[in-house]
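Understanding the architecture of this molecule
The residues making up each chain are set out below.
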Amino acid sequence: MGSQGGFGQSKEFLDLIKSIGEARSKAEEDRIVINEIETLKKRIIEPDIPKRKMKEYIIRLVYVEMLGHDASFGYIHAVKMTHDDNLHLKRTGYLAVTLFLNEDHDLIILIVNTIQKDLKSDNYLVVCAALNAVCKLINEETIPAVLPQVVELLGHSKEAVRKKAVMALHRFFQKSPSSICHLVSNFRKRLCDNDPGVMGATLCPLYDLIAADVNSYKDLVVSFVSILKQVAERRLPKSYDYHQMPAPFIQIKLLKILALLGSSDKKASEQMYTIVGDIMRKSDSTSNIGNAILYECICCVSSIHPNPKVLESAAEAVAKFLKNDSHNLKYLGIDALGRLIKISAEIAEQHQLAVIDCLEVGNVTSQDPDDTLKRKTFELLYKMTKPSNVEVIVDRMIDYMMSINDNHYKTEIASRCVELAEQFAPSNQWFIQTMNKVFEHAGDLVNLKVAHNLMRLIAEGFGEDDDTADTQLRSSAVESYLRIMGEPKLPSAFLQVICWVLGEYGTADGKYSASYITGKICDIAEAHSTDDMVKAYAVSALMKVYSFEIAAGRKVDMLPECESFIEELLASHSTDLQQRAYELQAVVGLDARAVENIMPMDASCEDIEVDRELSFLNGYVQESLNKGAQPYIPENAQSGALTISSFRHEEQHGSSGHSLRFEAYELPKPSVPSRPSPVPPVFSTELVPVPEPTYHTEFHEAVAPKLSASGTGSSEIKLRLDGVQRKWGKQTYSSSSPSTSDFDTYKTQNGATQRDVPSSLSSKTRDVSYESRRQQEDINPEKQKLAASLFGGASKSEKRPAGAGHKASRPNSHTADKSHAEKTGPSDGGAAKASPQPPPDLLDLGEPTSISSATSVDPFKQLEGLLDLNEGSPAPGSSGDSATKAPDFMSLYGETSFRGQNMMGTENLLSTAEFSHAPDRNGHGTGSTVTNSTQLSKGPNLKDALEKDALVRQMGVTPTSQNPNLFKDLLG
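Residues numbered from 1 in each chain as written. Predicted model: local features only at pLDDT ≥ 70, side-chain atom pairs only at ≥ 80, totals over all residues. Heavy atoms only, no water.

**Considering the overall build of the chain**
Here is the rule we go by: For the purposes of this entry, the term helix denotes a DSSP run of H or I that reaches at least four residues, the term strand denotes a run of E that reaches at least two, and both are numbered from the N terminus. In this analysis, two residues are considered to be in contact whenever any of their non-hydrogen atoms come within 4.5 Å of each other.
Assigned secondary structure in the chain consists of 48 helices and six strands. In the chain, once contacts between residues fewer than 6 apart in sequence are set aside, the share between residues at least 24 apart is 69%.

Dropping the structure here:
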């Protein structure tokens, strides 16, 4: 490394700095730095580097980075150095990472834990280094990781730590105000800190908070005034003085805060007048910091409620600035004068000569030109402009615009000239001449809006009811444009204005003939043949001139150059120019009455009423609809991108199409069982209960007709499942296998057995349902109730049957209940009606949620015990003979086999709730036993049992015994 140089650094490092300082070109400097980078890349990865050398390498990397070169290969080593226990190395590491990294760098995550540890260190220098890194590197996402430690440090014993903690909280507020909104009171507390440095640091976040919400801090006016008075009276330690001024930066910040608090508040401002006046009298105008405080006092006076004495003191301070030979102080005086004239315009009149001197200083011919001062002076003149001085100020601004080459500022000057001319123009002639100068010298830098505003002003005129003044304005515009159109290099926007004015008012006063005006217009178009916009304005101007001539009854003689110009446009590549040329030809061939209606005279300012609804086409549309035309479908409906308003509209009008709903689902009400219909019931496994409607229109519309047609005595919704392959369980059901809907079913009514064909009756039921579907569209309350439970059904307690104290039915237990309930429906009136089971949730394929204490009961064991249970429990409402008869096991077997065929896909075939209504083994009923008792009231029917057994065998199931334990045969 060589011998040690000054400041403990190696001679190699000092030679590097010396060689860079002696470099004669940027290329030589880059070559030296690149060589240094290659050297550092090799040395920084060497093993067992001494910490002292690594510290120097990191400093050299900082030097390389500051010269604009990439040193990212050493970032990780700087991060590692922050973990060192040595204070000097740690502070060097923190310094390097704050210069190398930004708050979104990937390596920030590696130093968060180190910062958290160092914030709790006993060494306040380590804490200060960590707080410096917090202000620079912590982003919005990592603020919560260090916020508690920073808040705790507000009470640290060292004032330097408290000050840096306030600065860190201020940084957090700037990055994420919501993260410390609950900690704002800490700033108020630190305002009363014993250390002036902590108090001064607190002024910065309080200024931002007051700027965001002034009214919340009105109570601090007295505190700020008291602090400012103490500072002005030199009660702070001498260490806070700067150039013999007591704590000047604290004074400036306090004056800024008082300006915010006193704005439009007379009561608060009255408390500030005394201290502000004292500071202006005591300020030292011989030093820059004294002038800075004086300038801030003037800004404060211009913001708070005005006071004559304080304004007079501020005007005297402005005079000191303007009379000073320093351009910097003159600049301050001009800016301060611009603030004061908002309150009192008379102040500016006292300094007219000083302002003129500032304009002369800015001239290039002056001994000490200062363009910045001259621009500031023009800003002041812009604010001081009134009808009496507008001509002088605008002329000065146009002369200055002609002398500068800065296009940006030239554009700003041009816009200001136009604005002042529009507001304070003393005469029409002056206004037109001023606009011509602006367009001529500013060229295409003039905003297009200025051109359109000029055309609008000429069309509207200055006189409200004085047509003579308006005519004079337009005539002067035509004369000036005819005179200036021969100038070279006129901007395109100005040429468009010229063509428009000549077309509208070129022949209005009768001074110029149509042939003369059209010839001048063609000359403009020919001179700018490459500008399609100018040619378009020229064609429109020709159309206006010819239209006005035809409407006046005069003969139109088109000049040869105009004819050639139009023929050229007819073959133009621009469709816009072609259309304008064809329109011109068409208008010239019309009669005077038609032309007068198409191109009325001086109608450019008339309001155009736009019929957005196209009501004039209503008759045609109605006639087409009467002839059978299809109505118009809006574009959003055609593309399927319906808006929320269209959804609401469809819902209000009972739309039957599929649509999405954006409002929250309502909780469904418990289902109400419907009375049994005299229509014979239909038993078919193609109809499956659905717990609640899913589509809020179609399903609801199909419920009532289907129930009324089928008369099943159930309020359940049913779906066709024939021909649909099951997605769960064994692949035994398909469209090729015999469908249960094709089998004949039986119904028992008063002990008689009848045979029906359910397929035909089911199809009739569906026809009736579809035919009566539209009748249900007007029942909006039912729609809302049915559409409420696509996914969110009722709670468990709401799903229980009315009057039942047992747990709810499982989704897969519906078939058995349905078949028993339907067979019971048409029976004699002496039989008790079964309690309605709530429709199961088809989407619930998980395990049942237990509500009662009977979860440990095996439903299959209960099913096996039905023989003994049913034999000992007579059915209520049935005769004694039917109660003692043996149940129809084959009928039960056949019914259950079909149920098992359709329900093998779910996890549990039957819910325990279905069997909770059966009698226990002691013969006592535990719930509603109507379903099973009705089944037992049937006498044994050998014929029916044999037929059903044959159907089961046809399905591929062979029973192994007469025991009705069918699930063992079905599921193995």
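Following the structure, the description resumes.
**Some points on the confidence of the model for the chain**
Any residue range with low pLDDT should be treated as having predicted coordinates unsuitable for detailed reading. This is how it is decided: Note: pLDDT gives the predictor's confidence per residue, expressed from 0 to 100.
Looking at the chain as a whole, its pLDDT mean stands at 74, while 64% of the residues score no less than 70. In this model, residues 1–6 is a region of pLDDT below 50 whose contacts with residues beyond four sequence positions or in other chains number 17 contacts. Predicted confidence for residues 676–716 stays below pLDDT 50, and this span has 130 contacts to residues more than four positions away or in other chains.

**Quick notes on the pattern of salt bridges**
For the record, the criterion: Salt-bridge detection follows one rule: a side-chain nitrogen of Lys or Arg within 4 Å of a carboxyl oxygen of Asp or Glu. Remark: exposure states derive from per-residue accessible area (1.4 Å probe, protein chains only) relative to the maximum for the residue type, with buried under 20%, exposed over 50%, and partly exposed in between.
Within the structure shown, the criterion is met by 31 salt bridges. Lysine 544 serves as the salt-bridge partner of glutamate 504, at 2.9 Å between the closest nitrogen and oxygen. Of this pair, glutamate 504 sits in helix 27 (residues 492–505) while lysine 544 sits in helix 29 (residues 532–551), placing them 40 residues apart in sequence. In this structure lysine 544 comes out as buried when scored by relative accessible area, which is 12%. Among the charged side chains, a salt-bridge network with shared partners connects Glu12, Glu36, Arg43, Glu56 and Arg60.

**Re helix 31 (residues 575–588)**
The condition that has to hold: Given a helix with a known number of residues, its expected span is that number minus one, times 1.5 Å. Regarding the arc, it is the one traced by the directions from the helix axis to the C-beta atoms.
With 14 residues, helix 31 should reach 20 Å at 1.5 Å per residue; the first-to-last C-alpha distance of 20 Å fits that figure. The set of residues buried in helix 31 consists of Leu577, Ala581, Leu584 and Val587. Each buried residue of helix 31 sits inside an arc of 130° when the element is viewed along its axis, so together they form one side.

**Notes on the nonpolar core**
This is how the line gets drawn: Put simply, a nonpolar core is a bunch of buried Ala, Val, Leu, Ile, Met, Phe, Trp, Tyr and Cys residues held in one set by side-chain atoms that sit within 4.5 Å of each other. What counts as a domain boundary in this text is fixed by an automatic or database domain assignment.
Membership of the largest hydrophobic core comes to 205 residues, with the highest contact counts inside it found for Ile115, Phe172, Phe224, Tyr481 and Ile498. For this core, the two domains that each supply at least three residues are domain 1 (312–384) and domain 2 (447–601).

**Describing helix 21 (residues 371–384)**
Between its first and last C-alpha, helix 21 extends 20 Å over 14 residues, near the 20 Å set by a 1.5 Å rise per residue. Every buried residue of helix 21 is accounted for by Leu373, Lys374, Lys376, Thr377, Phe378, Leu380, Leu381 and Met384.

**Here's the deal with the packing of helix 1 (residues 11–21) against helix 2 (residues 26–43)**
Note the threshold: Every angle, taken between N-to-C directions, lies between 0 and 180 degrees, and every axis is a line fitted to C-alpha atoms, over only the stretch in contact when it is a helix. Here the word oblique covers every angle except those under 35 degrees (roughly parallel), over 145 (roughly antiparallel) and from 65 to 115 (roughly perpendicular). Two helices cross in a left-handed way if the nearer one is turned anticlockwise from the farther one by less than a right angle. They cross in a right-handed way if the turn is clockwise. Note on residue categories: nonpolar means Ala, Val, Leu, Ile, Met, Phe, Trp, Tyr, Cys or Pro, charged means Asp, Glu, Lys or Arg, and polar means any other residue, Gly included.
Between helix 1 and helix 2, the shortest axis-to-axis distance is 10 Å and the interhelical angle comes to 160°. In terms of orientation, helix 1 and helix 2 fall into the roughly antiparallel class. Read as a crossing pair, helix 1 and helix 2 show a hand that is left-handed. Between helix 1 and helix 2, the contacting residues are Glu12, Leu16, Ser19 and Ile20 on the first element and Glu29, Ile32, Val33, Glu36, Thr39 and Arg43 on the second. Classifying every residue of the contact of helix 1 with helix 2 gives four nonpolar, two polar and four charged.

**Observations concerning a nonpolar patch on the surface**
Selection rule: Within this analysis, patches are made of residues with over 30% relative accessible area and no salt bridge. Like charges are joined at 9 Å or less; nonpolar side chains (Val, Leu, Ile, Met, Phe, Trp, Tyr) at 5 Å or less. All accessible-area figures derive from a Shrake-Rupley calculation using a 1.4 Å probe, and residue coverage is judged against the displayed protein chains alone.
The grouping of Leu614, Phe616, Leu617, Tyr620, Val621 and Leu625 at the surface amounts to a nonpolar patch, some 590 Å² of accessible area in total. We classify leucine 617 as partly exposed; its relative accessible area is 35%.

**Quick look at the packing of aromatic side chains**
Applied cut-off: Aromatic contacts are taken between Phe, Tyr and Trp rings whose centres are within 6.5 Å, Trp giving its six-membered ring; a plane angle under 30 degrees counts as stacked, one over 60 as edge-to-face, and the others as tilted. Only when the NZ of Lys or the CZ of Arg is both within 6 Å of the ring centre and within 35 degrees of the ring normal is a charge said to sit over the ring.
Within this structure, the stated rule accounts for nine aromatic pairs. Ring geometry for phenylalanine 439 against phenylalanine 494: centres 5.1 Å apart, planes inclined by 5°, an arrangement best described as stacked. Of the two residues, phenylalanine 439 sits in helix 24 (residues 428–442) while phenylalanine 494 sits in helix 27, which places them 55 residues apart along the sequence. A residue is classified by how much of its surface remains accessible, and phenylalanine 494, at 0% relative accessible area, is buried. In this structure an aromatic cluster arises from ring pairing among Phe378, Tyr400 and Tyr409. Over the face of the ring belonging to tyrosine 124 we find lysine 158, whose NZ or CZ atom lies 5.0 Å from the ring centre. Above the face of the tyrosine 409 ring, arginine 375 is positioned so that its terminal group lies 4.2 Å from the ring centre.

**With respect to the packing of helix 18 (residues 327–340) against helix 21**
Orientation of helix 18 relative to helix 21, taken along the N-to-C sense of each, is 15°, at an axis distance of 9 Å. Viewed along their axes, helix 18 and helix 21 adopt a mutual orientation that is roughly parallel. The two elements helix 18 and helix 21 meet at a crossing, and its hand is left-handed. Contact residues: helix 18 offers His327, Lys330, Tyr331, Ile334, Asp335, Leu337 and Gly338, while helix 21 offers Thr372, Leu373, Lys376, Thr377, Leu380 and Lys383. For the contact of helix 18 with helix 21, the class distribution of residues is five nonpolar, four polar and four charged.

**Some words on the state of the cysteines**
This is how it is decided: Here, a disulfide means two cysteine sulfur atoms that sit within 2.5 Å of each other.
Applying the stated criterion across every chain, the model contains zero disulfides. For cysteine 300, which is in no disulfide, the shortest distance to another cysteine sulfur is to cysteine 297 and amounts to 7.1 Å.

**Let's talk about the environment of cysteine 297**
Locating cysteine 297 in the fold gives a position in helix 16 (residues 288–303). Taking relative accessible area as the criterion, cysteine 297 reaches 0% and is therefore assigned buried. Separated by 16 residues in the primary sequence, cysteine 297 and serine 313 have C-alpha atoms spaced 9.9 Å apart. Apart from the residues within four sequence positions on either side, cysteine 297 is in contact with Leu255, Val276, Ile279 and Met280.

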